[in-house]
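Secondary and tertiary structure notes
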Amino acid sequence: MTIHDGFLDLAAAAIDFELDPDERAELDRHLAGCDSCRRTAEAFREDAATIAYGPAPRLAPGQSVAILAAALRPPKSGPPVRLLAVAALVAILGGGLLAVGLGIFRSEDPLVAVVTPSPGIPSDEAPSIGASAQPTASAGATLQPAAGTPRPRGSPTIGSVQVRGDAGELGSLIRMAPGAAGDFYVSIPATDGTVIARLDTDGDPTPGWPVFIPGSESCDQLLPVTDGSVRLICHRPAAEEGLGGMIARVHALDANGRRLPSWPIEVEDVVTGRMVGDELTLLVKPYVGDVGETDTPENVLLVTVGADGSVQSGPDVQFDCCEHSWAIGPDGIGYGTTHRDWDTSVKTDIEAFGLEGLRIGWPRTIDGNASDLAFDAQGRVYAIIGSPNTRPAQTIVIDHDGRTLPTGISDLAIVSTNPWTGAGADYPGPPIVAGDGTSYIVQSVDGQTRIQAVDPRGQRAAGWPYESDLGLQESGGGCPPETTGCGGFLAAPAVAPGNVLYLIEEAANAADGSRIVAIGLDGTVVDGWPVELRRSGSEFWSIVAGPDGRVYALAIEPEPNGAHSATILAIAPDSTVQFNVTVVEP
């Protein structure tokens, strides 16, 4: 390796990383006196700009996926790519932004590829829905594979939002996230990666989208930002790195699907993430080895990532035995919940922490079995205390300083149920909390649904509870009859602006599909609702609410070949279906 090679390595690293002052000065002096290295460094920068901002090439169907798969496959022999190795070393030694001990590092691999749009070809038949909803034509586009090329199960249809596969298998991994300006993101698992689409208010893919992220088993969280960009938390098995569990790769894409500078980053295990303004807040569990014991303490820390990719991390916070859950409030405070003393009287410890470490006034110890945490717009903590066999249930509200507020209810005449339908459902389900602090306690037992609403003052809301002879829909397809050792999750309700609660109820009879019900402030069904799927065996699996009052629902429908399709419907507050897009087609 010559001295010129060393300076070219630094020049390549400087494209995406800030060199320390001494390295920057040495590089500048060398380039000023070496015409050959200066021309090569300029070519590096031009190539990087072309890749990041140039128009996407129009490749043959499936070709971009194959190219990426080949590029990402490690060579059978030979040394690692020197430029990437030196860039990573420079980042660790001189960047000052990376928590190396936590397994956080930048990735320079070109792992985000734009899937080129094709001329629009109408998608297949839209889902059959009830008379109360009037769908528009689907905006999806399909580009067929090259002649003679078999399409693997779950492979993306290049140039569209569609993925080929069985939605009965893929549907539980589809994620939806409304943006701030009527845009909408959807993540669809595919063969060897994940398809991410950004749709406009008419359901059409926006310029630069869809994007294919190879190597990710799923992108569990889509976190839109007000500027139209999005953060994606995607996971892949860590076995290839010699670790247990999963590795998270966190991407940041702008409104046109281009990678933001200094992204992506990789983290050994992201528990959850949340956007606080334009800053991404993560809860990270460092890998400590395969322990195989349920009572082993766990370490968690809070990490923030700025829009420019700068990383800050707090100290490790240790959570003792035995069972834990995690959450991030809208103010960026991290929370860990520990359940213990199962053999005596169950207790729940709630700890709060930030970049500074543990917060004063915490932990809070609660007598009873607490649900996962929920938050209002001010960051106050809400939980339900009880268990499926406990009457009455209780609610608790805690402020930032760990003080209990007088807005909870101690004698709810309701069995607090868990969204898990299998054996061992010891945890109560969390409340559904609106921004103003109105909370909804949901019960679905023995094929019936009962929901109590509590206003921000802690009073039972007039007109409630809502009661229905139908239970909540089980997402993920449920379990076959007489199957043991199986369970699923009930579809979570969503609350929209104006405190309208939307829930998915199971089919009223075998000839129909499930339905979405909208419940107003007075506890009654809103005019025009419910919206129902008419085809036998059709089910809504999930629903999310946008800031403009629209809701987005994922419909899974059986197809004649025995597989299932998946379609996303955008539904206005008056129950009008404004668009539908098929995202998985057998």
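In this text, all values refer to a predicted model and were calculated from it rather than measured experimentally. (Residues numbered from 1 in each chain as written. Predicted model: local features only at pLDDT ≥ 70, side-chain atom pairs only at ≥ 80, totals over all residues. Heavy atoms only, no water.)

Description of the overall build of the protein
Spelled out, the test is: We count a stretch as a helix when DSSP gives it H or I for four or more residues in a row; a strand needs E for two or more, and each element gets its number in order from the N terminus. For each residue, the accessible area found with a 1.4 Å probe, counting protein chains only, is set against the maximum for its type, and the residue is called buried under 20%, exposed over 50%, and partly exposed in between. We call two residues in contact whenever any of their non-hydrogen atoms come within 4.5 Å of each other.
For the protein, the helix and strand inventory stands at 6 helices and 38 strands. Counting over 586 residues, the protein shows a buried share of 49%. Put simply, of all contacts in the protein between residues at least 6 apart along the chain, 50% involve residues at least 24 apart.

Details of helix H2 (residues 21-33)
This is how it is decided: Given the number of residues in a helix, its expected span is that number minus one, multiplied by 1.5 Å. By arc we mean the arc of the directions from the helix axis to the C-beta atoms, nothing more.
Here H2 is 13 residues long and its end C-alpha atoms lie 19 Å apart, about the 18 Å a rise of 1.5 Å per residue gives. For H2, every residue scored as buried is listed here: Leu27, His30 and Leu31. Buried residues of H2 fall within an arc of 95 degrees about the axis and therefore sit on the same side. Within H2, the exposed residues directed more than 90 degrees away from the buried face are Pro21, Asp22, Arg29, Ala32 and Gly33.

Notes on the sheet that holds strand S24 (residues 394-398)
Quick reminder of the rule: Here, strands pair whenever DSSP counts at least two bridges between them.
As summarised here, the arrangement of the 3 strands in space is S22-S23-S24, forming an open sheet in which the pairing is antiparallel. What marks the edges here is a single partner per strand, and that holds for strand S22 (374-375) and S24. For S22 and strand S23 (residues 381-385), the ladder comprises 2 bridges, and the chain directions are antiparallel. Across the sheet, the residue bridging to Phe375 is Val381, located in S23.

Examining the state of the cysteines
Basically, it comes down to this: Any two cysteine sulfur atoms lying within 2.5 Å of each other are counted as a disulfide.
If you walk through the whole model with that rule in mind, you get 1 disulfide. A disulfide bridge connects Cys219 with Cys234, and the sulfur atoms are separated by 2.0 Å. Classification of the bridge connecting Cys219 and Cys234 rests on its S-S torsion, roughly 90 degrees, and on that basis the disulfide is right-handed. One end of the pair, Cys219, is in strand S8 (residues 218-224); the other, Cys234, is in strand S9 (residues 230-237), and 15 residues separate them in sequence. Judged on exposure class, the residue Cys219 and its partner Cys234 are both buried. Lacking any disulfide linkage, Cys34 is separated from the closest cysteine sulfur, that of Cys37, by 3.5 Å.

Describing the environment of Trp529
How we decide: Polar contacts, as used here, are pairs of N or O atoms within 3.5 Å; protein pairs need one atom able to donate a hydrogen and one able to accept it. Residues neighboring in sequence count only if both atoms are side-chain atoms.
Mapped onto the fold, Trp529 is located in the loop between strand S33 (515-519) and strand S34 (531-532). Sequence-wise, Trp529 and Ile519 are 10 residues apart; in three dimensions their C-alpha atoms are separated by 8.8 Å. Not counting residues up to four positions away in its chain, the partners in contact with Trp529 are Tyr502, Ile516, Val517, Ala518, Val551, Ile571, Ala572, Pro573, Asp574 and Ser575. A polar side-chain atom of Trp529 sits 2.9 Å from the main-chain carbonyl oxygen of Pro573.

With respect to the nonpolar core
Applied cut-off: Throughout, nonpolar core names a set of buried Ala, Val, Leu, Ile, Met, Phe, Trp, Tyr and Cys residues whose side chains join them through atoms within 4.5 Å.
Among the nonpolar cores identified, the biggest contains 25 residues, and Val186, Ile188 and Val583 are the most heavily contacted of them. Of all the secondary structure elements, the ones that give two or more residues to this core are helix H6 (167-170), strand S5 (184-190), strand S6 (193-199), strand S36 (551-558), strand S37 (564-571) and strand S38 (577-585).

Notes on the pairing of S38
Judged by how many residues are buried, S38 sits mostly within the fold: 8 of 9 residues are covered. Inspection of the sheet shows strand S3 (residues 163-164) paired to S38 by 2 bridges, in the parallel sense. Bridge pairing in S38 links Val163 to Val584. Where S37 hands over to S38, the hairpin turn is made up of 5 residues, of which Ser575 adopts a positive phi near 85 degrees.

A closer look at the confidence of the model for the protein
In plain terms, the rule: Across the chain, each position has a pLDDT score giving the predictor's confidence in that residue, from 0 to 100.
Scored by pLDDT, the protein has a mean of 77; 70% of the residues are at 70 or more. Summarising per-element confidence for the protein, the mean pLDDT is lowest in helix H5 (residues 82-95) (32) and highest in S33 (97). In the model, residues 49-103 has pLDDT below 50 throughout and makes 67 contacts with residues more than four positions away in sequence or in other chains. Across residues 106-126, where pLDDT falls below 50, the model places 71 contacts with residues more than four positions away in sequence or in other chains.

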